[in-house]
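Structural characterization, general
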Amino acid sequence: MTISMRWALLASAAACVGGFSLNTTDDMYTIDTGADLVFTVRRTEPPGLTSTSIGGIESLLYKGVEYTEEGQRDSHIGSGFDWLYEGDTTVTVDAVLIDDSIIKVTVETPYLIHYYIVKKGVSPARIYMGTYWSKQPNTEEQIRFLFRLDPNKVPDSYPEGDVRNNTGAIESKDIFGTENGETRSKHHTNQRVVDWQSMGVTGDNVGMYIVRGNHEMSSGGPFYRCIRVQTKVESQELTYMLNYRQAQTEPYRKGTLAVYTFVVTDGGEPDAAIDYGFYGSLNLTGYVPPSGRGEVACSGVEATAGVRHIAGFSNDNGQYWAIMDAATGAFRAPGILPGVYTMTIFKNELEVHVQEDVAVAAGQVTELPAFSVLAGDPSGEATIFRIGDWDGSPEELRNGEKITRMHPSDVRMDPWVASPFVVGNTSASEFPGVLFKAVNNDYQIHFKMTDDQKLVVRSARVGITVSHNGARPLLGVNGWTSKVPSSPPKLPTRTLTTGTYRGNNKMFTYEIPTTAWTADEYQVLTVTVASGSGGSEYLSPAMAIDCVDLLEAGWSSPAPATMVPTQAPATQAPATRAPATRAPATTSPGTPAPETTSPSTSAPATLAPPTATSAPSSSAASTAFSTVLAAATTAALVVLTVL
């Protein structure tokens, strides 16, 4: 856009400041929110203006100050609404004033519809939004809304994503080095989605935030991490990822309107509790009101104390979760689309219980009886040694907490090549959280055993949270070596260099024969990254470590999954099973690694049938912890998913 055109646009916008209004020209819709924010949406795309895009936000004027950057692209979905679907660039933009109180702007492509909505009398200023798609875009590997703002006016953000003053890319075109050896990347601004409701950038007396909805149309569950902010010389990029192929563990979802809101404040974080109930009167494609949704509730879950547990629900059409009460395990998950779901109970990020066929009906609450997940928690096994926690995360290990915020080559990382781990002398924080084939392979654990312990065939377990390039653990004990396990599930992109250890959790179990033990004071167990794939340094095959242990009990083959017959949830017992995603690959000395379906010899608890009701009701607790759960009837439930 030329400077003269820019000033003409600003003059038009300024003329509308001071009152709730919609102004229409041949090229633009100008919307005054009535709360000090005026923005324009482009109706057309003039030839030759590559920085503009039909349907994009061209101007954001807050209290008379322009917050978009001259000469930069508009703010919009992806790289532009006309570039989502190869071979079809059709885009229409329409705006309407409804009852003098709501302005709705509709941007429509063949398979994706986006809404900008303003409601009169709302402060601080908001642009309510919604995105619906019936087909995943085929020109990009994600659906994202990207705000391009002036970095000089909203300079404060996540330092990990500030790529100004870099010394050049060190990996691909999105991870950069600096003169002091630190690294910067938009990928490292990530945070687990369960841990945030709003994100934003700030400046002098101004804050610009995106407040997410319930994130039901994303792919990856409550622990998914992705790009949020990138600070460049020319623009401050604030991004909300509706879905993303990076480290994707689930298929894309479609068919329901995804809701979120852009909020402008005087600097402070906005209220994350945004009511979208008024959407029901606006004829928005794909919108499902609260009355068309149901809930799942449980009076209590017996679980390992001291660790946050989360109840997750997923199927092809949506994903939801609720944080369980720390004392009782009670939870309530509202706003769920009708359907049949798989419920997963996570200990931090580790699947410790999976229940299929949890049915949800509109306007009803599916009440689950109290149950226990202790049988699915590997931490319950007695061990000769254990390094780390079985929790689906390497965060307690060396560099495990840093890997999400910086590249593995960053000077702030502790050395990846570490001294051998000596059980009893070395803390878990010294065990490398990631093993790279080309950097710190063949890591040794030294430990003592009694003579009696050496008389028994023993089980060793290695848990990983993500595998890059087919990496999986090969185990050696003194002179004995296990067979190479089968490859874990493969993710489509980089992971450990782009800020995530989250993939498909997998436990590998090894049968160690008595002939492996020696008369030496210390036994030596070596963990090796096995993979037939190549790659150098930190792009070589690699795996993030969850936990490594050697069981006290003698070897026994993992039991096959015990299944309760699948039946109608409202009247009969639903199927329950130990979490298949945590199934160990077992390796014995003379046979290939068979894949099994349960990490425990204990059959999972059989649950009583859930009941669907129109209002919450108390469920009977199990005998083992009924005293605790009796107090739960008055306890506050911690709910995360809010529509």
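That block above? That's the structure.
This write-up is about the structure you can find in this document. For every chain, the first residue of the written sequence is number 1, and numbering continues from 1 onward in sequence order. The predicted nature of this model means local features are confined to residues of pLDDT at least 70 and side-chain atom pairs, given and counted, to a pLDDT of 80 or more, with totals for whole chains, interfaces and linings taken over all residues. With hydrogens and water set aside, each side-chain value is computed from the structure's full complement of heavy atoms.

Bringing the overall build of the protein chain into the picture now. By definition, any uninterrupted DSSP run of H or I lasting at least four residues is a helix, any uninterrupted run of E lasting at least two residues is a strand, and each is numbered from the N terminus. Secondary structure summary: the protein chain contains two helices and 41 strands in total. A 1.4 Å probe and the Shrake-Rupley method give the accessible areas. Residues count as covered only by the protein chains that appear here. For the protein chain, the accessible surface area stands at approximately 23,900 Å², while carbon and sulfur atoms represent 50% of it.

So, about the sheet that holds strand S7 (residues 92–98). Note: strands within a sheet are paired through backbone hydrogen bonds, in either parallel or antiparallel orientation. By the convention used here, strands pair only if DSSP detects at least 2 bridges between them. With antiparallel pairing, the seven strands of this open sheet are ordered in space as S7-S8-S9-S10-S19-S16-S15. The open sheet has two edge strands, S7 and strand S15 (198–203), and neither has a second partner. The mean angle between the axes of side-by-side strands here comes to 15 degrees, regardless of whether they run parallel or antiparallel. Bridge analysis of strand S16 (residues 206–212) against strand S19 (residues 258–265) gives six bridges, and the strand direction is antiparallel. Note that in S19 the partner of Gly207 across the bridge is Thr265. The axes are straight lines fitted to the C-alpha atoms, using for helices just the contacting stretch, and the angles between their N-to-C directions are given from 0 to 180°.

Our next topic: the pairing of strand S8 (residues 102–108). The two faces of a sheet get side chains in turn, since along a regular strand they alternate between them. Residue exposure (1.4 Å probe, protein chains only): buried if accessible area is under 20% of the type maximum, exposed if over 50%, otherwise partly exposed. Of all seven residues in S8, six are buried, a share of seventy percent or more. Looking at chain direction, S7 and S8 are connected through seven bridges and run antiparallel. Each bridged residue has a counterpart across the sheet, and for Ala95 the counterpart in S8 is Val105. The antiparallel pairing of S7 with S8 creates a hairpin that spans three residues between the two strands, and Asp99 there sits at a positive phi of about 55 degrees. Here seven bridges tie S8 to strand S9 (residues 112–119), and the two strands are oriented antiparallel to one another. Bridge pairing in S9 links Val107 to His114. Between S8 and S9, which pair antiparallel and follow one another directly, the connecting turn spans three residues.

This paragraph deals with the environment of Val358. Tracing the chain through its elements places Val358 in strand S26 (residues 350–360). Considering only alpha carbons, one finds Val358 and Leu368, 10 residues apart in sequence, at a separation of 8.9 Å. Ignoring anything within four residues of it in the chain, the contact list for Val358 reads Val296, Phe313, Gly339, Val340, Tyr341, Met343 and Thr366. Residue contacts are defined here by distance: any two heavy atoms, one from each residue, within 4.5 Å place the two residues in contact.

So, on to the nonpolar core. Counting residues in hydrophobic clusters, the biggest one holds 56 residues, and the most contacted among them are Phe39, Ile57, Leu60, Tyr116, Ile127, Phe147 and Phe262. For Phe147, the contacting residues outside a window of four places in its chain are Ile57, Leu60, Ser75, Met129, Ile210, Gln236, Glu237, Leu238 and Phe262. Here the nonpolar core consists of buried residues drawn from Ala, Val, Leu, Ile, Met, Phe, Trp, Tyr and Cys, with membership extended through side-chain atoms lying within 4.5 Å. Within the second largest apolar cluster, 31 residues are counted, among which are Met449, Ala460, Leu475 and Leu525.

Taking burial as the measure, the 11 residues of S26 include nine buried ones, the bulk of the element. Where strand S25 (residues 339–347) and S26 come together, eight bridges link them in antiparallel fashion. Across the sheet, the residue bridging to Phe346 is Glu351, located in S26. Between S25 and S26, which pair antiparallel in sequence order, lie two residues; one of them, Asn348, sits at a positive phi of approximately 55 degrees.

Keep in mind these numbers describe shape, not what the thing actually does.
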